[in-house]
Amino acid sequence: MKQEIIIAGFGGQGILSMGKILTYSGLMEGKEVSWMPSYGPEQRGGTANVTVILSDDPISSPILNEYDIAIILNQPSLEKFESKVKLGGILIYDGYGIHSNITRRDIDVYRIDAMDTATEMKNERAFNMLILGGLLKIVPMVKLENVLLGLKKSLPERHHKLIPMNEAAIRRGMEIICKV
């Protein structure tokens, strides 16, 4: 098994954290992993993306030109990465951040209304965990218990009380993702 993933959107959406949690989860399962963030100096509001690779075999390079899975959370990222999804790959997008239609017909496309759901939950910080839940519903590449261990590893100890809320958001994300 090898999954090459790009997660892209605006800084402040929890993109890098989502990638880190996914990477830690892979480590917990004994997988080879790579986590390569890319972001501008703006931090919040600027574009950000992270490449994550989970593999049963050694990873030769963290630099990719195509991806098995693209998680796209804003329009500029759609324009940049839609064409880089491998034939037969997966594109997941948040309905709030995308304003034009996905043009590819040779990939599987899924919509998740994570921003709207996070607002309904009165917890915008759960946005990235809703997305992660949607991803894991479509491609269960790591076990939920290892995601929770990854959360514990990546969150400062003072935030460990938020793990149950994050778990609930992951489970909710699994419910709201739908194929387009």
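In what follows, the structure referred to is the one given above.
Keep in mind the model is a prediction, meaning the values are calculated, not measured.

What counts and what doesn't
Residues numbered from 1 in each chain as written. Predicted model: local features only at pLDDT ≥ 70, side-chain atom pairs only at ≥ 80, totals over all residues. Heavy atoms only, no water. Helix = DSSP H or I, 4+ residues; strand = E, 2+ residues; numbered from the N terminus. Buried < 20%, exposed > 50% of the residue type's maximum accessible area, 1.4 Å probe, protein only. Contact = heavy atoms within 4.5 Å. Polar contact = N/O pair within 3.5 Å; in protein donor to acceptor, adjacent residues only side chain to side chain. Phe/Tyr/Trp six-rings, centres within 6.5 Å; stacked < 30°, edge-to-face > 60°. Salt bridge = Lys/Arg side-chain N within 4 Å of Asp/Glu carboxyl O.

**Here's the deal with the environment of serine 55**
Then, in step 1: Relative to the helices and strands, serine 55 is located in strand 3 (residues 47-55).
Then, in step 2: According to the relative accessible area criterion, serine 55 is buried, its value standing at 2%.
Then, in step 3: Serine 55 sits 79 residues away from glycine 134 along the chain, and the two C-alpha atoms are 20 Å apart.
Then, in step 4: Among residues more than four places away in sequence, those in contact with serine 55 are Met1, Lys2, Lys31 and Glu32.
Then, in step 5: Only 2.8 Å separates the side chain of serine 55 from the backbone oxygen of aspartate 57, close enough to count as a polar contact.

**Focus on helix 5 (residues 144-154)**
Then, in step 1: Of the residues making up helix 5, those classed as buried are Leu144, Asn146, Val147, Leu148, Gly150 and Leu151.
Then, in step 2: Where helix 5 is buried, its residues contact helix 1 (15-28), helix 4 (127-138) and helix 6 (163-176).

**Considering unusual backbone geometry**
Then, in step 1: The residue lysine 122 is not glycine, and still its phi comes out positive at about 60°.
Then, in step 2: Residue placement: lysine 122 occurs in the loop between helix 3 (114-120) and helix 4.
Then, in step 3: The exposure class of lysine 122 is exposed, given its relative accessible area of 72%.

**Regarding the packing of aromatic side chains**
Then, in step 1: On inspection of all chains with the given rule, the structure shows one aromatic pair.
Then, in step 2: A centroid spacing of 6.1 Å and a plane angle of 80° characterise the contact between tyrosine 67 and phenylalanine 81, whose relative ring orientation is edge-to-face. With tyrosine 67 in strand 4 (residues 67-72) and phenylalanine 81 in helix 2 (residues 75-81), this pair connects stretches of sequence that are 14 residues apart. Note on accessibility: tyrosine 67 and phenylalanine 81 belong to one class, buried.

**Description of the pattern of salt bridges**
Then, in step 1: Here the structure, examined in full by the defined rule, presents ten salt bridges.
Then, in step 2: One salt bridge connects aspartate 68 with lysine 86, and the closest N-O pair in it is separated by 3.2 Å. With aspartate 68 in strand 4 and lysine 86 in strand 5 (residues 85-94), this residue pair connects regions lying 18 residues apart in the sequence.
Then, in step 3: Residue lysine 86 is classed as partly exposed on the basis of its relative accessible area, which comes to 24%.
Then, in step 4: Arginine 171 is the salt-bridge partner of glutamate 167, the closest N and O atoms lying 3.0 Å from each other.

The values reported here are purely geometric and, on their own, carry no functional implication.
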